[in-house]
Amino acid sequence: MKKEINEIKVKKFDLQQEGDLFIATTIADLIRKKQAANELAVLGLATGSSVLGVYRELIRMHKEEDLSFHNVVSFNLDEYFPIQATHPLSYHTYMNEKLFDHVNIQKQHIFIPNGNVEETAVESICEEYENTIKKFGGIDLQLLGIGRNGHIGFNEPGSEADSRTRMITLDSVTRNDAASGFGGLDKTPTHAITAGVATILDAKKIILMAWSTGKAAIIAQVLSSEVSSEIPASFLKHAEDVTFVLDKEAAAEVRS
Ligand code: GLP
């Protein structure tokens, strides 16, 4: 477990689109650098609304600037449980619609936790997920959004620094935020499978993005608070290379 406290770099943009472009360019540079060295680029990808602009920009770069995803391996952070991959609100569907269907990533290079297994199989698929990440040499660049309660992936408050990929009970803040999509709280999943805090901290580079006023309070809290499992994103202070990319609204409450 990493214990040292490092500085979280903060990059602030007037407009979200500028932040999207900055992040997409960072990803494209990594992919191209790895291509030049004949290596795979291992990305840790996220879902939610915050990453949508980055995925749109990557698709544009693929179509207009010849950015190839042939050498990209991707590991998604999380998936609801139980859920079928084909469910319209599964993260499998999200990733296909928002990114994978539009670029030339190889199907066998896509990894998303499987939310459609028997509960008794969850532990072994989680272990396999961790082993597969290791087999590819670890994650080069991890993208993160942040929940209003400070969750990263689905590491809800109470998640520990040494947590690994596992099943988690979703927090009420998270379920309420997801309820409108699922057509009501009673239809919203109660559980998910998520990469752990330690899985995330192992990434060689981490970018967390947050846009608009809705994220201002939690961003300021993460940056100013002690490291605590009550705010899982605060564990990012233990990561070696982490940058928060914010628009001016999300950065509004950050003390400089
Ligand atoms: C979900 C995802 C998280 C994401 C969060 C924030 O809970 N599991 O990985 O960071 O939503 O979502 P949004 O970007 O829509 O605010």
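The preceding data block contains the structure.
Residues numbered from 1 in each chain as written. Predicted model: local features only at pLDDT ≥ 70, side-chain atom pairs only at ≥ 80, totals over all residues. Heavy atoms only, no water.

1. Some words on the side chain of Ser234
Definition in use: Starting at the N terminus, helices and strands are each numbered in turn, a helix being any DSSP run of H or I of at least four residues and a strand any DSSP run of E of at least two. Contacts are residue-level and defined by heavy atoms, with any inter-residue pair within 4.5 Å sufficient.
Examined against the element boundaries, Ser234 turns out to sit in the loop between helix 7 (216–224) and strand 10 (242–247). Excluding anything up to four places from it in sequence, Ser234 contacts Val222, Ser225, Glu226, Val227 and Ser228.

2. As for the nonpolar core
Filter applied, for reference: Residues belong to one nonpolar core when they are buried, are Ala, Val, Leu, Ile, Met, Phe, Trp, Tyr or Cys, and are joined through side-chain atoms within 4.5 Å. Exposure is judged per residue with a 1.4 Å probe applied to protein chains only, and the accessible area is read against the type maximum: over 50% gives exposed, under 20% gives buried, and values in between give partly exposed.
Judged by nonpolar contacts, the single largest core of 77 residues is most densely connected at Leu58, Leu143 and Leu236. Residue contributions to this core peak at six residues, all from helix 1 (residues 16–36). In terms of nonpolar packing, the next biggest core, distinct from the first, is built from six residues, Phe81, Val117, Ile125 and Cys126 among them.

3. A word on the sheet that holds strand 4 (residues 78–81)
Note the following rule: Only strands joined by at least two bridges in the DSSP assignment are considered to pair. Between N-to-C directions, angles cover 0 to 180 degrees, with each direction set by a line fitted to C-alpha atoms, over the stretch in contact for helices.
An order of 4-8-7 is seen for the three strands of this open sheet, with the pairing classed as antiparallel. The open sheet has two free edges, formed respectively by strand 4 and strand 7 (166–169), since each of these has just one partner strand. Taking the axes of each pair of neighbouring strands and ignoring which way they run, one obtains an average angle of 30 degrees across the sheet. As defined by bridge partners, strand 7 adjoins strand 8 (residues 191–194) across four bridges and the pair is classed as antiparallel. Paired with Ile168 across the strands is Ala192, a residue of strand 8.

4. Observations regarding the site of the ligand
In plain terms, the rule: Any residue with a heavy atom lying within 4 Å of a molecule or strand is counted as near it. Any pair of nitrogen or oxygen atoms within 3.5 Å is treated as a polar contact; in protein, a donor-acceptor pairing is required on top of that, and neighbouring residues in sequence qualify only through side-chain atoms on both sides.
Around the ligand sit Thr47, Gly48, Ser49, Ser50, Asp78, Tyr91, Gly145, Ile146, His151, Gly153, Phe154 and Lys215, and that is every residue in its neighbourhood. The separation between an oxygen atom of the ligand and a polar main-chain atom of Ser49 is 2.7 Å. Ile146 has a polar backbone atom sitting 3.4 Å from an oxygen atom of the ligand.

5. Observations regarding helix 4 (residues 122–135)
Threshold: To estimate how far a helix should reach, multiply one less than its number of residues by 1.5 Å. Directions drawn from the helix axis to the C-beta atoms are what define this arc.
Taking 1.5 Å as the rise per residue, helix 4 with 14 residues should run 20 Å; its terminal C-alpha atoms sit 20 Å apart, in good agreement. Buried within helix 4 are the following residues: Val122, Ile125, Cys126, Tyr129, Glu130, Thr132 and Ile133. Looking straight down helix 4, one finds its buried side chains confined to an arc of 160 degrees; they lie on one side. Seen from the buried face of helix 4, the exposed residues on the opposite side, beyond 90 degrees, are Glu123, Glu127, Glu128, Lys134 and Lys135. Phi turns positive one or two residues past the end of helix 4, at Gly137, with a value near 85 degrees.

6. Topic: the packing of helix 1 against helix 2 (residues 52–65)
Put simply, the rule reads: Put simply, angles under 35 degrees are roughly parallel, angles over 145 are roughly antiparallel, angles from 65 to 115 are roughly perpendicular, and the rest are oblique. Left-handed describes a crossing in which the near helix is turned anticlockwise from the far one by less than a right angle; the clockwise case is right-handed. Just so you know the grouping, Ala, Val, Leu, Ile, Met, Phe, Trp, Tyr, Cys and Pro go in nonpolar, Asp, Glu, Lys and Arg go in charged, and all remaining residues, Gly too, go in polar.
Closest axis-to-axis distance for the helix 1/helix 2 pair is 8 Å, and the angle between their directions is 50 degrees. When the axis of helix 1 is compared with that of helix 2, the two are oblique. Our pair here, helix 1 against helix 2, has a crossing hand that is right-handed. Between helix 1 and helix 2, the residues in contact are Asp20, Leu21, Ile23, Ala24, Thr25, Ile27, Ala28 and Arg32 and Gly53, Val54, Glu57, Leu58, Met61 and Glu65, respectively. Taken together, the residues of the contact of helix 1 with helix 2 sort by class into eight nonpolar, two polar and four charged.

7. Details of the packing of helix 2 against helix 3 (residues 91–98)
Axis separation between helix 2 and helix 3 bottoms out at 10 Å; the angle between their running directions is 40 degrees. With respect to helix 3, the element helix 2 is oriented oblique. Of the residues in helix 3, those touching helix 2 at Leu52, Tyr55 and Ile59 are Tyr94, Met95 and Lys98. For the contact of helix 2 with helix 3, a count of residues per class yields five nonpolar, no polar and one charged.

8. Some words on the environment of Thr86
The residue Thr86 is located in the loop between strand 4 and helix 3 in this model. Along the chain, Thr86 and Ala36 lie 50 residues apart, while their C-alpha atoms are 36 Å from each other.

9. A word on the packing of aromatic side chains
We count it as follows: Only Phe, Tyr and Trp rings are paired, with Trp represented by its six-membered ring, and only when their centres lie within 6.5 Å; those with planes under 30 degrees apart are stacked, over 60 edge-to-face, the remainder tilted.
What the rule picks out here adds up to 10 aromatic pairs. With centroids separated by 5.7 Å and ring planes inclined at 85 degrees, the aromatic side chains of Phe75 and Tyr129 adopt a geometry described as edge-to-face. With Phe75 in strand 3 (residues 72–76) and Tyr129 in helix 4, this residue pair connects regions lying 54 residues apart in the sequence. Between the aromatic rings of Tyr91 and Tyr94, the centroid separation amounts to 6.4 Å while the plane-to-plane angle is 70 degrees, which identifies the pairing as edge-to-face. Of this pair, Tyr91 and Tyr94 both sit in helix 3, three residues apart, roughly one helical turn. The residues Tyr91 and Tyr94 share a single accessibility class, namely buried. Aromatic rings pair up to connect Tyr80, Tyr91, Tyr94, Phe154 and Phe182 into one cluster.

Read these as layout, nothing more, since geometry by itself doesn't imply function.
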